[in-house]
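Working through the structure, step by step
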Amino acid sequence: LATPWLPVADSYPLINVEEQRERNISMFSLYQRLVSLRTQYLAMQHSSYRAILATNNVLAYVREYNVTNSSIPQFLVAMNLGLQPSTVDLHSLLPTYHHTGSLKVSATDTQHSGPVLLSSLLLDVGDAIVVQLTTKQT
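About the criteria used
Residues numbered from 1 in each chain as written. Predicted model: local features only at pLDDT ≥ 70, side-chain atom pairs only at ≥ 80, totals over all residues. Heavy atoms only, no water. 1 Å grid on protein atoms, 1.4 Å probe; cavity = no way out; pocket = protein on both sides within 12 Å on 5 of 7 lines; lining within 4 Å. Points joined across faces, edges and corners; volume = space filled by probe spheres on them. Helix = DSSP H or I, 4+ residues; strand = E, 2+ residues; numbered from the N terminus. Nonpolar A, V, L, I, M, F, W, Y, C, P; charged D, E, K, R; others polar. Polar contact = N/O pair within 3.5 Å; in protein donor to acceptor, adjacent residues only side chain to side chain. Pairing = 2+ DSSP bridges. Axes fitted to C-alpha atoms, helices over the stretch in contact; angles between N-to-C directions. Core = buried A, V, L, I, M, F, W, Y, C linked by side-chain atoms within 4.5 Å. Buried < 20%, exposed > 50% of the residue type's maximum accessible area, 1.4 Å probe, protein only. Contact = heavy atoms within 4.5 Å. Phe/Tyr/Trp six-rings, centres within 6.5 Å; stacked < 30°, edge-to-face > 60°. Salt bridge = Lys/Arg side-chain N within 4 Å of Asp/Glu carboxyl O.

This paragraph deals with the layout of surface pockets. If you add up the space inside the largest pocket, you get close to 160 Å³. Lining the largest pocket, in full, are Leu30, Leu34, Met44, Tyr61, Arg63, Val77, Met79, Val105, Ala107, Ala128, Ile129 and Val130. For the lining of the largest pocket, the secondary structure elements donating two or more residues are α2 (27-40), β2 (58-64), β3 (74-80) and β8 (128-133). At three residues, β8 tops the list of elements feeding residues into the lining of the largest pocket. When grouped by side-chain class, the residues that make up the lining of the largest pocket number 11 nonpolar, no polar and one charged.

Here you go:
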């Protein structure tokens, strides 16, 4: 067996990669979902960053790639950095997108995949979400 060069935490029998692979809600599974999203969509690889909202508790931005082509998915990333749940209206800040999006990733997994209402987006404490947006047809 190899000898670790750094100290090993006392909690290693409970907190380790093998244990995290078996759980849906873990740092390991979150990274897997984010990497999968990045490999699937151009907007998560080669896109512009546009800040939407920065308050004491909530940070939100959009990842946009080739916005002139409405068939290419764009993404909203929103994070609650506060100590209380927050509800925000992002629809008014995103006039070129439909009022609902599709949840792709939730860091805390408290929100399940499906439609997300941008006008009353609820973010739990410590949650960060990735929502696929749909561009309005002009």
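Next comes the rest of the write-up.
Before going further, it helps to spend a moment on the environment of Asp127. Mapping Asp127 onto the fold places it in the loop between β7 (121-123) and β8. Counting along the chain gives 43 residues from Asp127 to Gln84, while the straight-line C-alpha distance between them is 11 Å. At a separation of 3.1 Å, a polar atom in the side chain of Asp127 contacts the side chain of Ser106.

What follows is about the sheet that holds strand β6 (residues 114-117). One open sheet accounts for six strands, arranged β1-β2-β3-β8-β5-β6; its pairing is antiparallel. The sheet is open, and its two borders are formed by β1 (48-54) and β6, each paired with just one other strand. Geometrically, the sheet is characterised by an average inter-axis angle of 35° between neighbouring strands, direction not taken into account. Bridge count between β3 and β8: six bridges; the pairing is antiparallel. The residue of β8 that forms the bridge with Phe75 is Gln132.

Right, let's talk about the nonpolar core for a bit. Leu76, Leu90, Leu94, Leu121 and Leu133 are the most contacted members of the largest nonpolar core, which totals 19 residues. In this structure, Leu121 is in contact with Leu76, Ala78, Ser86, Thr87, Val88, Leu90, Val116 and Ile129, ignoring residues within four places of it in sequence. Counting residues in each nonpolar core, the second largest holds 11 residues, with Leu30, Met44, Tyr61 and Val130 among its members.

A separate point is the packing of aromatic side chains. Applying the stated criterion across every chain, the model contains two aromatic pairs. Judged by centre distance (4.9 Å) and plane angle (65°), the rings of Tyr41 and Phe75 are edge-to-face. Of the two residues, Tyr41 sits in the loop between α2 and β1 while Phe75 sits in strand β3, which places them 34 residues apart along the sequence. Phe75 gets classed as buried once you look at its relative accessible area, which sits at 0%. Relative to Tyr61, the ring of Tyr49 has its centre 4.8 Å away and its plane inclined at 40°; by these criteria the two rings are tilted.

All told, the structure shown has two salt bridges when counted by the stated rule. Among the ionic pairs, Arg23 bridges to Glu19, the shortest N-O distance being 2.5 Å. Looking at Arg23, the relative accessible area reads 37%, which means it is partly exposed. Across the pair Glu64 and Arg50 runs a salt bridge, and its minimum N-O distance is 2.9 Å. Of this pair, Glu64 sits in strand β2 while Arg50 sits in strand β1, and the two are 14 residues apart along the sequence. Glu64 sits in the buried class, given a relative accessible area of 11%. We classify Arg50 as partly exposed; its relative accessible area is 32%.

By themselves, these are just geometric observations and shouldn't be taken as functional.
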